[in-house]
Amino acid sequence: MAIYNKSVIVSGRLTFEEVIDETCEKLMDRQVQYSIRRIQEMGNLLDGLEHELDDILLQKDKLNG
């Protein structure tokens, strides 16, 4: 997973609400990245399971003639 920093340079002071909004947005971005990575991992796992199942079915067909 790529970790990045989004630094914001703002002239003036941020309100508490702006700080909270920015923090929530960053947390949401991280959650989305994590979710995408997990979905990709599960997809790869599913591909592996499909190949294993294909191999099992192929061996079963060979045994049954």
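Residues numbered from 1 in each chain as written. Predicted model: local features only at pLDDT ≥ 70, side-chain atom pairs only at ≥ 80, totals over all residues. Heavy atoms only, no water.

Take the pattern of salt bridges next. Two side chains that carry opposite charge are able to pair once their charged atoms sit near each other. Throughout the structure, instances matching the rule amount to 3 salt bridges. Among the ionic pairs, Lys26 bridges to Glu22, the shortest N-O distance being 3.3 Å. Note that Lys26 and Glu22 are positioned in helix α1 (residues 16-64) at a spacing of 4 residues, about one turn of the helix. Given the relative accessible area of 32%, Lys26 is considered partly exposed. Put simply, Glu41 and Arg37 hold a salt bridge, and the shortest N to O gap is 3.4 Å. In this pair, Glu41 and Arg37 are both assigned in helix α1, 4 residues apart and thus about one turn of the helix distant. Classification of Glu41 by relative accessible area gives partly exposed; the value is 34%. Exposure remark for Arg37: the relative accessible area of 26% places this residue in the partly exposed category. Within this structure, Arg37, Arg38 and Glu41 form a network of salt bridges that share partners. (Salt bridge = Lys/Arg side-chain N within 4 Å of Asp/Glu carboxyl O. Helix = DSSP H or I, 4+ residues; strand = E, 2+ residues; numbered from the N terminus. Buried < 20%, exposed > 50% of the residue type's maximum accessible area, 1.4 Å probe, protein only.)

A cluster of nonpolar side chains, Met28, Val32 and Ile36, forms an exposed patch at the surface whose accessible area comes to about 280 Å². Within the secondary structure, Ile36 is located in helix α1. (Patch = residues over 30% accessible without salt bridge, like charges linked within 9 Å, V, L, I, M, F, W, Y side chains within 5 Å. Areas by Shrake-Rupley, 256 points an atom, 1.4 Å probe, with all protein chains shown as cover.)

Structural remark: α-helix, 3.6 residues per turn; residues separated by three or four positions point the same way. The end-to-end C-alpha distance of α1, which contains 49 residues, comes to 71 Å, matching closely the 72 Å that a straight helix rising 1.5 Å per residue would cover. Where α1 terminates, the next one or two residues include Gly65, which has phi positive at roughly 75°. (Expected span 1.5 Å × (residues − 1).)

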